[in-house]
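Summary of the model geometry
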Amino acid sequence: IVFGHLGDLIGRKFTFMLTLVLMGLATFLVGCLPTYDSIGTLAPILLVTCRVVQGLALGGEYGGAATYIAEHAPDGKRGFYTSWIQTTATMGIVTALLVILAFRLGLGDAAFTSYGWRFPFLLSAVLVILSGYIRLQLQESPLYSRLKDQGKASANPALDTYKSGRNVGLMLLALFGATAPEGVVWYTGQFYALTYLSAVVKLPYVEVYLILMIALLCGAPFFLVFGSLSDRIGRRPIMIAGFLLAVLTYIPVFSAFTTYKDNPTILCLLTFYMVILVTMVYGPIAAFLVEIFPAKIRYSSMSMPYHIGNGVFGGVVPLMGTSLA
């Protein structure tokens, strides 16, 4: 709601820079936090505060990225162009796992638990500087610039977004028909799989990280495959197929994790299959969301269902999964 409003009111580029600064600062500060032994209960309060700021910034990142890319994409290729955004989320996880694995193996578990966990957070400052430089080179979205020049941009995007019954109906459709199930599939395939293999199957963390990294790397190109395919046959058939396959196969897949816990190859194939489901539901979704909302309130309209779907429905996946297991 906050950054969607700013993105539609002031512009995509300005909001991009603001969310980057907030995300980068909060992430860096996590690495600087004093411990519970030093300041007591204030330590976890500060940690949660940093996490909330990260979440707030993320609320503006995805909607802005999807809107910005979609408004630059040529006709008939919006699914392909926006699917590149989805690959970067997955490759970000791979990079994070590599960095954490390197520090854990390099420092040893005792040192990593004591102080080494801070280094990946501090290292994120390099990414923030690089990303900031790249974003400063970007031009404003051409469609948004035309709306501003023609006086057709919204003067109060948040009000325009929520006062229209039709637009609220579209947001609810997007939430319950697309982003909530997508969030569940995404978090299950790329986060809960890691939790399950570590905490339930009880594999060594190095093996779990390697399995997940291989599956993610092999699966990442399929974001582009399904994004491009959605330009030809439509977004909904691909996404619905992914949702149905998840409903029908998740229980057998997680059961097989336990059955084949001593066979890394099969574990890798099972995880890869779940990543393929992620690519089916996540690859076309940015184009799907962009296309159902009007340009002048697009950033605001798509950000709410996307982040509620992923934050609330996707976010409770580890909790529910652990309870079920």
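Report on the accompanying structure. These figures come from a predicted structure and were not determined experimentally.

Scanning the protein from N- to C-terminus turns up 17 helices and 0 strands. Computed over the C-alpha atoms, the radius of gyration of the protein is 20 Å, within 12% of the 20 Å expected from 2.2 N^0.38 for a compact globule of 325 residues. Taking all 325 residues of the protein together, 46% fall into the buried category. Within the protein, counting contacts between residues at least 6 apart in sequence, those at least 24 apart form 82% of the total. Total accessible area on the protein stands at roughly 15500 Å², and carbon and sulfur atoms take up 72% of it. A distance of 5 Å separates the average location of the 20 positive side-chain charges in the protein from that of its 14 negative side-chain charges.

In this structure the tally under the stated criterion is 20 aromatic pairs. Here Phe103 and Phe119 contribute two aromatic rings whose centre-to-centre distance is 5.5 Å and whose plane-to-plane angle is 40°, an arrangement assigned as tilted. Remark: Phe119 occurs in helix α7 (residues 118-136) and Phe103 occurs in helix α5 (residues 78-107); sequence separation between them is 16 residues. On the accessibility criterion, Phe103 (23% relative accessible area) is partly exposed. Between Phe176 and Phe313, the ring centres sit 6.0 Å apart and the planes meet at 85°, which makes this aromatic pair edge-to-face. In this pair, Phe176 sits in helix α10 (residues 165-200) while Phe313 sits in helix α16 (residues 298-314), placing the two residues 137 residues apart along the sequence. For Phe176, a relative accessible area of 53% corresponds to the exposed category. Linked through ring pairs, Trp186, Tyr187, Phe191, Phe223 and Tyr282 together constitute an aromatic cluster. Above the face of the Tyr205 ring, Arg104 is positioned so that its terminal group lies 3.5 Å from the ring centre.

Tyr62, Val185, Leu197, Phe257 and Tyr282 are the most contacted members of the largest nonpolar core, which has 62 residues in total. Among the elements that line this core, the one with the most residues is helix α14 (residues 264-282), at 11 residues.

Before going further, it helps to examine the pattern of salt bridges. One pass over the structure, following the stated rule, counts 5 salt bridges. Through salt bridges with shared partners, one network takes in Arg78, Asp231, Arg235 and Glu291.

Looking now at α16. Compared with the 24 Å implied by 1.5 Å per residue over 17 residues, the 22 Å span of α16 between its first and last C-alpha is a close match. Of all 17 residues making up α16, 13 are buried, and the element is well covered by its neighbours.

It is at 9 Å that the axes of helix α4 (residues 42-70) and α16 come closest, and there the two elements cross at 125°. Relative to α16, the element α4 lies oblique. Here the hand of the crossing between α4 and α16 comes out right-handed. On α16, the residues that touch Leu58, Gly59, Gly60, Tyr62, Gly63, Gly64, Ala66 and Thr67 of α4 are Arg298, Tyr299, Met302, Ser303, Tyr306 and His307. Of the residues belonging to the contact of α4 with α16, the class tally is 6 nonpolar, 7 polar and 1 charged.

A word on the environment of Pro264. Its place among the elements puts Pro264 in helix α14. Separated by 246 residues in the primary sequence, Pro264 and Leu18 have C-alpha atoms spaced 43 Å apart. Contacts of Pro264, omitting those with residues within four sequence positions, involve Glu207 and Ile211.

Rules used in this analysis
- Residues numbered from 1 in each chain as written.
- Predicted model: local features only at pLDDT ≥ 70, side-chain atom pairs only at ≥ 80, totals over all residues.
- Heavy atoms only, no water.
- Helix = DSSP H or I, 4+ residues; strand = E, 2+ residues; numbered from the N terminus.
- Rg over C-alpha atoms; globule rule 2.2 N^0.38 Å.
- Buried < 20%, exposed > 50% of the residue type's maximum accessible area, 1.4 Å probe, protein only.
- Contact = heavy atoms within 4.5 Å.
- Areas by Shrake-Rupley, 256 points an atom, 1.4 Å probe, with all protein chains shown as cover.
- Lys, Arg positive; Asp, Glu negative; His and termini not counted.
- Charge placed at Lys NZ, Arg CZ, Asp CG, Glu CD.
- Phe/Tyr/Trp six-rings, centres within 6.5 Å; stacked < 30°, edge-to-face > 60°.
- Lys NZ or Arg CZ within 6 Å of the ring centre and 35° of its normal.
- Core = buried A, V, L, I, M, F, W, Y, C linked by side-chain atoms within 4.5 Å.
- Salt bridge = Lys/Arg side-chain N within 4 Å of Asp/Glu carboxyl O.
- Expected span 1.5 Å × (residues − 1).
- Axes fitted to C-alpha atoms, helices over the stretch in contact; angles between N-to-C directions.
- Parallel < 35°, antiparallel > 145°, perpendicular 65-115°, else oblique.
- Left-handed = near helix turned anticlockwise from the far one by under 90°.
- Nonpolar A, V, L, I, M, F, W, Y, C, P; charged D, E, K, R; others polar.

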